[in-house]
Amino acid sequence: MSGVALAAVAERARELMPRDRVITDHARLRTYECDGLAHYRVTPALVVMPDDAAQLAGVVRACAENGVPFVARGAGTGLSGGALPHADGVLIVTSRMRTVRELRPEDQRAVVEPGVINLDVTRAATPHGYYYAPDPSSQQICSIGGNVAENSGGAHCLKYGFTTNHVLGAELVTPQGELVEIGGAAPDTPGYDLLGAVVGSEGTLGVVTSATVRLVRVPEEVRTLLAGFESTDQAGAATSGIIAAGVLPAAIEMMDALAIEAAEAAVHCDYPHGAGAVLVIELDGAAAEVGAEYDEVERLCRENGAFELRLATDPVDRALIWKGRKSAFAAVGRISPDYIVQDGVIPRTALPEVLKAIADLSESSGVRVANVFHAGDGNLHPLVLFDDSVEGAGQAAEEVSGAILDLCIGHGGSITGEHGVGIDKAKYMPRMYDEDDLDTMQLVRCAFDPDNLSNPGKVFPTPRLCGEVPGRHKGAHPLQEAGVAEVF
Amino acid sequence: MTVLERTAREAVGSACEEVRDPTAADEVDGVAPLLVARPASTEQVAEVMRAAAAHGLTVVPRGAGTKLSWGLPPLSADLLLDLGGLDRVLDHAAGDLVVATQAGARMATVQQALAGSRQRLAVDETVPGATVGGTLATNASGPRRMLTGTARDLLIGVTVVRADGVVAKAGGRVVKNVAGYDLGKLVIGSLGTLAVVTEALFRLHPVAEAQRWVSVAAADAPADVHRLVQAVVHAQAVPSAVEVDRPAGGGGRLGVLLEGRRDGVEQRAATVAGLLGAGATIDEEPPAGWTSYPWQEADVAVKLTFVLSGLEDVLAAAREAGADLRGSAGTGVVYAALPGDQPTDRLAAAVRTLRSACARHRGHAVVLDAPAEVKRAVDVWGPVPGVGLMRRVKDQFDPEHRLSPGRFVGGI
């Protein structure tokens, strides 16, 4: 990447926005060297902090004209290195774009800018009896732009779905710097569902500068049940029983003994003493329905060996139960100096088998693994513990973590349920999809970003060369010659 | 038959056992194909597509053909690809609430396979006989979209065959999965212009223990209907559907579906009946026409979308346009039927009336189906945002424009 090209982008950025929003000072650039996955670090060449879509589009256009790669970053809480900067590129920070442009409870919609914090959408809507359903554990600090990029989930997506089910429209800056509307406030916008492709594309198809989101009516009643079991097998059987009974809880979360130990040490959540596993089960909806479902869920927990059941019906008690679960990742820091947060998915019915296999892996490698997961939909978050000051420990943890992903793939699952592929898991993509699958996905990339400038190097292990007529290759592409890309 | 046609036919014939001459029933919206192929597997579809690619044949995929005339007539349809041979439900993982099915399986067949486990694919069958693939291609949905969404909310994995015959998968067997691009979203509603879907994986829902339909005669004034719909939608009774049925000549009903546990449903139904006011009835069976479109053969079929606050305006516009109206008033997706035997300029004016009402409320009016002369005279799609990007997607997937050319938005 030429310094001239980058200087041209910096100059355009300074024309577009106040000079202090264009960062070139190395010490300040380093502040942005990583996102929530801190062991990948790259200092960007330039950071810009636009105030609005026009400024942002202007910067992207300058990048396109000068062939400079760019990466968008929201709050930087991502766990797959999706917002890892490009050393020769521009990092576009959207945190200043934090206006709730419209709040329309009568239409069950809000229009928000990418820097708006997830929980702030709910805070704005709550006085009207509405809320924004997707609730990643980081919802107090993560932003909507990042949620859209990653298709974030959360504990309640078992019933309510993911970000993609709650975003109906977006204003998108394409990798050429055009500002286009995709989708809309009304359902079923005619044409291809471009928005469906953009949500979860991890910033590789452009930058979203506003999102039209669905607001969901606050339920009449919410009941949260904490159930203590002797083992994860019992808790898993209870989960299966609940699903088989036709109950669709808002959430079913499981933690194993090690995860409980960590949560107790960190936040004193007072989970049932001596439990080998706990379930947090939340039921919500019309009061009459929740009451009927609750009786059944309670019975199923007891039948499957729950030795302690605690019900919370008011927000304070509910928050206490959730505190242990939502702080689980950070809490592990109390029992281990370092840890890897894994994110894999299995068919829910494979849970006992996979947990057993993880336990075996842990035993044979001597690497401790704490398990926290969304039991209802089979989304596992094994926390692989290690001490980086011990030689080889990090490597051993990496191996266990990778082996867990292979377990997920082997059971017909996924390498990521909600954290994204990012930089971290691009290398695993060929284990889940074959070459033709990846090639076909990248046709979408080529339609949006033929020059491979929007968050390059993420999601796909090898970029596809775009714009070639099948069967008519003229010599080797420069990227191919340089060994950077393969021609499929 | 030209030499070229004969070689093309031989190539397709060697790719797939079942190849035949078309009959009148094989016409695609008035366009007669040269050849009909009925492959029996994804591999055979791929072989047929490779043969079509080698000979430059245009291809129109077909399921049961119940909505094949939606969109514009294709500019060309050399090969009709009949997916009726891919009619198997492949795997029902009841404990995981997931089903894998071939695209040519009928929706009713899929539901039958799930019924024993008291599960269902939560997409209503809006036209009897529709297949999974056709439902995806047209993004068809019915009343239950209010609670469980549409195909885009339920499709978790897809196998497609590209125009060049390459087979590709996206998504998978698990509901929660953010690995890679969600190609399933792109093929939904694409009218067979992007790729041929051969297999689909869906998340399922449990069949509720009890169902109650609460309904009331629709008031004549749009404002009164609007008020009742708003009252139900913004209450906390969690309806599965809020439907309006308003014939052009007056009358009609508002219907609300509640599903759940027996005790819960009865209480919720009583709550909703209270909101709908005197005259509301509670039934255990759906009202007539519950999941069907309001149109008849030869009508002009229009899909109207809008944000909820626009319902009153849209109802008034439908009355002005002389349309029978039915659909999901609770989500802002309703269907209008205009008698097709009117002068085309009157029909064009009626479509404009509907379209401007929808546009005022951030939505669209799309003519799904109409007699050929009407499709020529009216703007079928109306303005579509992002059409430039859509063309670029099309150009990547089908650079030679051989898949259902011309059926879709912007000439795609």
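Throughout this document, residue positions are counted from 1 along each chain, in the order its sequence is written. Note on labels: chains are lettered from A, ligands numbered from 1, in written order. Totals for whole chains, interfaces and linings use all residues, but because this is a predicted model, local features are given only for residues with pLDDT of at least 70 and pairs of side-chain atoms are given and counted only at 80 or more.

*Asks:* Just give me the short version of the pairing of strand S8 (residues 167–173) of chain A, but keep the residues and values in it.
*Replies:* Residue and element names in this part refer to chain A. Taking burial as the measure, the seven residues of S8 include seven buried ones, the bulk of the element. Here a strand pair is declared whenever DSSP counts at least two bridges between the two strands. Runs of E in the DSSP output that reach at least two residues are strands. Runs of H or I that reach at least four are helices, and both are numbered from the N terminus. Across six bridges, the pairing between S8 and strand S10 (residues 207–214) is antiparallel. Paired with valine 167 across the two strands is valine 213, which belongs to S10. Where S8 folds back onto strand S9 (residues 179–183) in an antiparallel hairpin, the turn is made up of five residues, including glycine 177, whose phi is positive at roughly 90°. Residues are called buried when their C-beta atom has 20 or more other C-beta atoms within 10 Å, exposed when it has 12 or fewer, and partly exposed otherwise; all C-beta atoms are positioned from the backbone.

*Asks:* Residues and numbers for the sheet that holds strand S6 (residues 98–102) of chain B, please.
*Replies:* Residues and elements named next belong to chain B. As summarised here, the arrangement of the five strands in space is S5-S6-S10-S8-S9, forming an open sheet in which the pairing is antiparallel. The sheet terminates laterally at strand S5 (89–93) and strand S9 (167–171), the two strands that pair on one side only. Pairs of neighbouring strands in the sheet enclose a mean axial angle of 10°, with direction left out of account. The pairing of strand S8 (residues 155–161) with strand S10 (residues 196–203) spans six bridges and is classified as antiparallel. Residue pairing across strands places leucine 155 opposite phenylalanine 202, the latter belonging to S10. Lying over the sheet, helix H3 (residues 107–115) contacts S5 and S6, oriented at roughly 35° with respect to S5. For helices, the fitted axis covers only the stretch in contact; all axes are lines through C-alpha atoms, and the angles between them, taken along N-to-C directions, range from 0 to 180 degrees. C-beta atoms are placed from the backbone for every residue, and two residues are taken to be in contact when these atoms lie within 7 Å.

*Asks:* Can you explain the domain arrangement of chain B? Please cite residues and give values.
*Replies:* Residue and element names in this part refer to chain B. Domain boundaries in chain B define domain 1 (3–84), domain 2 (88–206), domain 3 (210–283) and domain 4 (300–377). Between domain 1 and domain 4, the C-alpha centre-to-centre distance is 33 Å. Every contact between the two is made by five residues of domain 1 and, on the other side, four residues of domain 4. Classification used: nonpolar for Ala, Val, Leu, Ile, Met, Phe, Trp, Tyr, Cys and Pro, charged for Asp, Glu, Lys and Arg, polar for all others including Gly. Taken together, the residues of the side of domain 1 that touches domain 4 sort by class into three nonpolar, two polar and no charged. For every domain, the bounds stem from an assignment made automatically or drawn from a database.

*Asks:* An account of the packing of helix H16 (residues 435–448) of chain A against helix H13 (residues 387–397) of chain B is requested, with residue identities and associated values reported.
*Replies:* If you want to describe how two helices pack, look at the angle between their axes and the distance between the axes. Contact geometry of H16 of chain A with H13 of chain B gives a least axis separation of 8 Å together with a crossing angle of 135°. Relative to H13 of chain B, H16 of chain A is oriented oblique. As H16 of chain A runs across H13 of chain B, the sense of the crossing is right-handed. Touching Leu443, Val444, Cys446, Ala447 and Phe448 of chain A of H16 of chain A are Leu389, Arg392, Val393, Gln396 and Phe397 of chain B, all from H13 of chain B. Here the contact of H16 of chain A with H13 of chain B is composed, by residue class, of eight nonpolar, one polar and one charged. Any angle that falls under 35 degrees is termed roughly parallel, while one over 145 is termed roughly antiparallel, one within 65 to 115 roughly perpendicular, and all others oblique. With the far helix as reference, a near helix turned anticlockwise by less than a right angle produces a left-handed crossing, and one turned clockwise produces a right-handed crossing.

*Asks:* Which residues make up the interface of chain A and chain B, and what are the values?
*Replies:* Chain A puts 75 residues into the contact, and the matching count from chain B is 70 residues. Among the elements of the structure, S9, helix H7 (194–198), helix H8 (232–244), helix H10 (287–303), helix H15 (429–432) and H16 of chain A are those that each provide at least two residues to the side of chain A that touches chain B. For the side of chain A that touches chain B, the leading source of residues is H16 of chain A, giving nine residues. Looking at the side of chain A that touches chain B, its residues break down into 34 nonpolar, 25 polar and 16 charged.

*Asks:* Give a description of the confidence of the model for chain B that names residues and reports values.
*Replies:* Where the model shows low pLDDT, its predicted coordinates should not be examined in detail. Here chain B shows a mean pLDDT of 96. Residues at 70 or above account for 100%. Overall fold confidence (pTM) sits at 0.96, and the ipTM for the predicted complex is 0.97. Scored from 0 to 100, pLDDT reflects the predictor's confidence in each residue.

*Asks:* Can you explain the nonpolar core? Please cite residues and give values.
*Replies:* Taken as a class, soluble globular proteins show a tendency for nonpolar side chains to be buried jointly. Counting 293 residues, the largest nonpolar core has Val59 and Val90 of chain A together with Val12, Val302, Ala336 and Leu354 of chain B as its most contacted members. Other than its neighbours up to four places away in sequence, leucine 354 of chain B contacts Val302, Leu304, Ala317, Ala318, Ala321, Ala323, Ala336 and Ala365 of chain B. Residues enter a nonpolar core if they are buried, belong to Ala, Val, Leu, Ile, Met, Phe, Trp, Tyr or Cys, and are joined to the set through C-beta atoms within 7 Å.

*Asks:* Give a detailed account of unusual backbone geometry, specifying residues and quantitative values.
*Replies:* Residues and elements named next belong to chain A. Look at asparagine 151: it is not a glycine, yet its phi comes out positive at around 50°. Checked against the element boundaries, asparagine 151 lands in the loop between helix H5 (144–150) and helix H6 (157–160). The phi angle at aspartate 188 is positive, at roughly 55°, despite the residue not being glycine. When you line up the elements, aspartate 188 lands in the loop between S9 and H7.

*Asks:* So what's going on with the environment of arginine 20 of chain B? Which residues, and what values?
*Replies:* Residue placement: arginine 20 of chain B occurs in strand S1 (residues 19–20). A residue is classified by how many C-beta atoms lie within 10 Å of it, and arginine 20 of chain B, with 13 of them, is partly exposed.

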